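Structural overview
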Amino acid sequence: MKCPYCDAENNSFVVDTSRGTAEGIRRRRECKACGRRFSTFERVIRSTPLLIKANGDREAFDREKLIRGIQISCAKRPIQAAGISNLADRIEAHLQNMGRDEVPSRVVGDMVIEGLKDLDPIAYIRYAIVYLGLDNLASVRDMLDTLLGDQSVKAGNGSAALMSTGPADDAAAVSTAKDAERAAVPSPGGSDPEVSTSKPDRGTEPA
């Protein structure tokens, strides 16, 4: 451990330790040589598979490079930095959980494009144009039509969920309708108590 102020190596001690932070374990240290304090973070580094590019080359997964590419697509959009960081975290964790030495780089690209579709549609379109190699307006229009169709389906499903009723509600509605029908039909041998059959008095008619 080197002091960032006086460059003294292995001459510091831990003052405080905080666990459970997003970065890992945070340690507050004090340098014995200069007396200055500084913080360090300990984070478990899990094995991430190499990415196989389209031309067959292999390259290591670079989380910072991934974030920069996503940020370019999200430029001037109302997207919080935490949203981009969370997307990169999900992609990195997925690669690590695959337990493989090598994976096609398309795995990363597919996850980015799906994540951006939920994060921001404009950022999704920007990334998709480059990633999918859309080089004409017709292909871009087809992609937009697909995106709008997906959004319409989601909106329709939400409306249907609000309008639908459960089986108990349907049974109650049928029961209410039958009760109303029975009330509207007069009982056998009797008259409808709500309907008057008497005629108005017009005086005594001559015999």
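Let us look at the structure shown here. As a convention, each chain's residues are numbered from 1 in the sequence order in which they are written. In keeping with the model being predicted, local features are shown solely for residues with a pLDDT of at least 70 and side-chain atom pairs are shown and tallied solely at 80 or more, while totals for entire chains, interfaces and linings include all residues. To get the side-chain values, all heavy atoms of the structure are used, and hydrogens and water are removed first.

What about the overall build of the protein?
Summing up its helical and strand segments, the protein has six helices and six strands in all. Start at the N end of the protein and walk to the C end: the helices and strands fall as β-β-β-β-β-α-α-β-α-α-α-α. Accessibility here uses a 1.4 Å probe with only protein chains present; expressed as a share of the type maximum, an area under 20% marks a residue as buried, one over 50% as exposed, and anything in between as partly exposed. Within the protein, the proportion of its 207 residues that are buried is 22%. In what follows, residue pairs with any heavy atoms lying within 4.5 Å of each other are defined as contacts. In the protein, the share of contacts with a sequence separation of at least 24, taken over all contacts with a separation of at least 6, comes to 41%. The Shrake-Rupley method, run with a 1.4 Å probe, gives the accessible areas here. Residue values count only the displayed protein chains as cover. Entry remark: accessible area of the protein is about 15100 Å², with carbon and sulfur atoms responsible for 52%. A run of DSSP states H or I qualifies as a helix once it reaches four residues; a run of E qualifies as a strand once it reaches two. Both are numbered from the N-terminal end.

Quick word on the sheet that holds strand 5 (residues 58–59)
Ordered by their spatial adjacency, three strands build an open sheet running 5-4-6, and the pairing between neighbours is mixed. Lying at the two open borders of the sheet, with one neighbouring strand each, are strand 5 and strand 6 (102–104). Strands were regarded as paired on the criterion that DSSP finds at least two bridges between them. Judged from the three bridges that link them, strand 4 (residues 50–52) and strand 6 form a sheet pairing that is parallel. Paired with Leu50 across the two strands is Glu102, which belongs to strand 6.

A closer look at the packing of aromatic side chains
Two rings belonging to Phe, Tyr or Trp (six-membered ring only in the last case) form a pair when the distance between their centres is within 6.5 Å. Interplanar angles under 30 degrees mark stacking, angles over 60 mark edge-to-face geometry, and anything in between is tilted. Applying the stated criterion to the full structure yields one aromatic pair. Any Lys NZ or Arg CZ that is within 6 Å of a ring centre and within 35 degrees of that ring's normal is treated as a charge sitting over the ring. It is Arg36 that lies over the ring of Tyr5; its NZ or CZ is 4.0 Å from the centre.

Side note on the pattern of salt bridges
Any Lys or Arg side-chain nitrogen located within 4 Å of an Asp or Glu carboxyl oxygen qualifies as a salt bridge. In the structure shown here, the tally under the stated rule is twelve salt bridges. For Arg27, the salt bridge is made with Glu42, and the minimal N-O distance between the two is 2.6 Å. Here Arg27, found in strand 2 (residues 24–31), pairs with Glu42, found in strand 3 (residues 37–42); they are 15 residues apart in sequence, far enough to count as distant. On the accessibility criterion, Arg27 (17% relative accessible area) is buried.

Comments concerning helix 3 (residues 106–119)
Multiplying 1.5 Å by the residue count of a helix minus one yields the expected span of that helix. Relative to the 20 Å expected for 14 residues at 1.5 Å per residue, helix 3 spans 19 Å between its end C-alpha atoms, a close match to the ideal helical length. Taken as a whole, helix 3 has its buried residues at Val108, Gly109, Val112, Ile113, Gly115 and Leu116. One side of helix 3 holds all its buried residues, which, seen down the axis, span an arc of 165°. Elements in contact with the buried residues of helix 3: strand 4, helix 1 (63–73), helix 2 (81–98), strand 6 and helix 4 (121–131). Arc definition: it is the arc formed by the directions from the helix axis to the C-beta atoms.

A word on unusual backbone geometry
Glycine aside, the phi torsion of most residues is negative, and most peptide linkages are trans. Although it is not a glycine, Asn10 adopts a positive phi angle of roughly 50°. Position of Asn10 among the secondary structure elements: in the segment before strand 1 (12–21).

Digging into the nonpolar core
Of all hydrophobic cores here, the largest spans 26 residues; its most connected members are Leu66, Ile70, Ile91, Val112 and Leu116. Those elements that place two or more of their residues in this core are helix 1, helix 2, helix 3, helix 4 and helix 5 (137–163). Setting aside residues no more than four positions away along its own chain, Leu116 makes contact with Ile70, Ser73, Cys74, Leu87, Pro121, Ala123, Tyr124 and Tyr127. By nonpolar core we mean a set of buried residues, namely Ala, Val, Leu, Ile, Met, Phe, Trp, Tyr and Cys, connected to one another through side-chain atoms within 4.5 Å.

Read these as geometric descriptors, not functional statements.
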